[in-house]
2 protein chains.
Amino acid sequence: MPKNCNFIEKLRDVGLRPTKQRVKMCEVLFNREKTFHFTINELVKMISEQMNQKISLATVYNTVHAFEKKGYLKEISIDSHRSYFDTNTSSHHHFFDEDTHQLIDIDKNDIDTINLKKNISGKKINSIEVLVRVASDNQNQK
Amino acid sequence: MPKNCNFIEKLRDVGLRPTKQRVKMCEVLFNREKTFHFTINELVKMISEQMNQKISLATVYNTVHAFEKKGYLKEISIDSHRSYFDTNTSSHHHFFDEDTHQLIDIDKNDIDTINLKKNISGKKINSIEVLVRVASDNQNQK
DNA sequence: ATACACATTATAATAATTCTAAACTATTGA
DNA sequence: TCAATAGTTTAGAATTATTATAATGTGTAT
């Protein structure tokens, strides 16, 4: 059984047609042990490297957004110039290394569950995200 | 004593020349009781309204970034298309109302201090930010 | 196999931000 | 007080990231 099969099913399940490009993107994104954090640019580069044929930039954007909408990907915004996507869509938190520009999962055991004593009235909490910015200990008067 | 005086001093203190534009921006940003959350677009609009003469968009960007670098403003990134600045640069957390697109401070008493049991080795924590996305209770299957 | 709805593509368009170079202004010190 | 100068503002051009367009291609149900 080829490893694509589950991706084809997975895509069908959420109502996305399993096109060549989408299946390829699934392979790149989800065929790995650990969760994966990436920018659009990094993803485009990886796909180009792993595919013989070219993929359109528009397709990558469309597909990433389709995956996001269907709950396969989650966006993590760092600042106005840097936005990542995360293959781990469950509720979890991140370190952002300002030296290497890497996003790193915070282990569930290393942070207490956030609990709010009050919420905005009439509103429902959709998500709670913690971002911990870290940088090298010496060069910190940038 | 005109209310500008302290802004002129404040600007001098951090090594920024107190130009007309910067003093005006200080007035708009810091001459208020509560902390202020704004996008660049909103700020440009407010300044234009309060000033007789026009201000260049480039100046607003430059000045906001100068203020940010000097610690007068903090950026809060919501997603790749929406970035706010906050006049409250002390460590605190936010609600983001996905209906009204408003950023709202979380009262210090309503959230426990985040404490991490582990940090990335060799790294120093620069900031810890919590973002709580909320939306109207009914229309939540968007 | 066919038809239809949906996807992909290259390219154009848009939007947000930064760059550029000329004109301007605050500061310094003679 | 008055240059000199260093930093600032400006309009507009350039750049970058993202989205729209419209033609072509493809997956799926019949």
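The model shown is predicted, which means the values in this text are computed figures rather than measured ones. Each chain has its residues counted from 1, running along the sequence as written. Lettering of chains starts at A and numbering of ligands starts at 1, both following the order in which they are written. Two thresholds apply to this predicted model, a pLDDT of at least 70 for residue-level local features and 80 or more for giving and counting side-chain atom pairs, whereas whole-chain, interface and lining totals are computed over all residues. Note that the side-chain values use all heavy atoms of the structure and ignore hydrogens as well as water.

Focus on the side chain of A:Asp110
Quick reminder of the rule: Labels follow the DSSP assignment, with helices taken as runs of H or I lasting at least four residues and strands as runs of E lasting at least two, numbered in each case from the N terminus. To sort residues, take the accessible area from a 1.4 Å probe on protein chains only and compare it with the maximum for the residue type: under 20% means buried, over 50% means exposed, and anything in between is partly exposed. The positive count covers Lys and Arg only, the negative count covers Asp and Glu only, and His and the chain ends enter neither. Here, a salt bridge means any Lys or Arg side-chain nitrogen found within 4 Å of an Asp or Glu carboxyl oxygen. Contact criterion: two residues are considered in contact whenever any of their non-hydrogen atoms come within 4.5 Å of each other.
When you line up the elements, A:Asp110 lands in the loop between β5 (102–106) and β6 (123–136). B:Lys118 provides the closest opposite charge to the buried, unpaired A:Asp110, separated from it by 4.1 Å. With residues near it in sequence (within four places) discarded, A:Asp110 still touches B:Asn115, B:Leu116, B:Lys117 and B:Lys118.

Some details on the interface of chain A and chain B
Inclusion rule: Put simply, buried area is the surface a 1.4 Å probe can reach on two separate parts but cannot reach once they are joined, added for both. Distance and chemistry together define a polar contact, namely a pair of N or O atoms within 3.5 Å, with one atom able to donate a hydrogen and the other to accept it when in protein, and with adjacent residues in sequence counting only for side-chain atoms on both sides.
Every contact between the two is made by 40 residues of chain A and, on the other side, 40 residues of chain B. Taking both partners together, chain A and chain B bury about 3,500 Å²; carbon and sulfur atoms supply 49% of that area. For the pair chain A and chain B, the number of links is eight salt bridges. In this structure, the salt-bridge partner of B:Lys117 is A:Asp112, at a minimum N-O distance of 2.8 Å. Joining chain A to chain B, the criterion identifies 25 residue pairs in polar contact (both at pLDDT 80 or more).

Overview of helix α2 (residues 20–30) of chain B
Of all 11 residues making up α2(B), eight are buried, and the element is well covered by its neighbours. Within the span of α2(B), buried status applies to B:Val23, B:Lys24, B:Met25, B:Cys26, B:Glu27, B:Val28, B:Leu29 and B:Phe30.

Thoughts on the packing of α2(B) against helix α4 (residues 57–69) of chain B
Residues and elements named next belong to chain B. Convention followed: In this description, a line fitted to the C-alpha atoms serves as the axis of each element, helices being fitted only across the stretch in contact, and the angle between N-to-C directions of two axes falls anywhere from 0 to 180 degrees. Between 65 and 115 degrees an angle is taken as roughly perpendicular, under 35 as roughly parallel, over 145 as roughly antiparallel, and anywhere else as oblique. Here a crossing is called left-handed whenever its near helix is offset anticlockwise from the far helix by less than a right angle, and right-handed whenever the offset is clockwise. We call Asp, Glu, Lys and Arg charged. Ala, Val, Leu, Ile, Met, Phe, Trp, Tyr, Cys and Pro are nonpolar, and the rest, Gly among them, are polar.
Their axes nearest at 11 Å, the elements α2 and α4 cross at an angle of 65°. Relative to α4, α2 is oriented roughly perpendicular. For α2 against α4, the interelement crossing comes out right-handed. Where α2 abuts α4, its residues Gln 21, Arg 22, Met 25, Cys 26, Leu 29 and Phe 30 lie against Thr 59, Val 60, Thr 63, Val 64 and Phe 67. Residue classes in the contact of α2 with α4 are distributed as seven nonpolar, three polar and one charged.

Some words on the side chain of B:Glu75
Its place among the elements puts B:Glu75 in strand β2 (residues 74–79). Of the side chains with opposite charge, A:Arg133 lies nearest to the buried B:Glu75, which makes no salt bridge, at 7.0 Å. Looking at B:Glu75, its side chain comes within polar contact range of the side chain of A:Ser80, at 2.9 Å. A polar contact of 2.5 Å, which involves the side chain of B:Glu75, links it to the side chain of B:Ser83.

So, the environment of B:Ser90
Inspection of the secondary structure assignment puts B:Ser90 in the loop between β3 (82–86) and β4 (93–97). Expressed as a C-alpha distance, the spacing of B:Ser90 and B:Phe7, which sit 83 residues apart in the sequence, is 19 Å.

Quick look at the protein's contact with DNA strand C
Keep this limit in mind: Any residue with a non-hydrogen atom lying within 4 Å of a molecule or strand is treated as near it.
The local shell around DNA strand C holds 18 residues, among which A:Thr19, A:Gln21, A:Thr59, B:Arg12 and B:Tyr61 are the closest. Counting only atoms of DNA strand C within 4 Å of the protein, the sugar-phosphate share comes to 75%. The backbone of A:Ser56 places a nitrogen or oxygen atom 3.1 Å from a phosphate oxygen of DNA strand C. Within the contact set of DNA strand C, a phosphate oxygen lies 2.3 Å away from a side-chain nitrogen or oxygen of B:Tyr61. Secondary-structure elements contributing two or more residues to the surface near DNA strand C are α2 (20–30) and α4 (57–69) of chain A together with α4 of chain B. Here the element with the most residues in the surface near DNA strand C is α4(B); it accounts for four residues.

Concerning the sheet that holds β3(B)
All names here are of chain B. Stated formally: DSSP bridges decide pairing: two strands pair if at least two such bridges lie between them.
One open sheet accounts for three strands, arranged β1-β3-β2; its pairing is antiparallel. The open sheet has two edge strands, β1 (37–38) and β2, and neither has a second partner. Across two bridges, the pairing between β1 and β3 is antiparallel. Its bridge partner lying in β3, Phe 38 is registered against Phe 85.

All quantities given are derived from atomic positions and should not be read as evidence of function.
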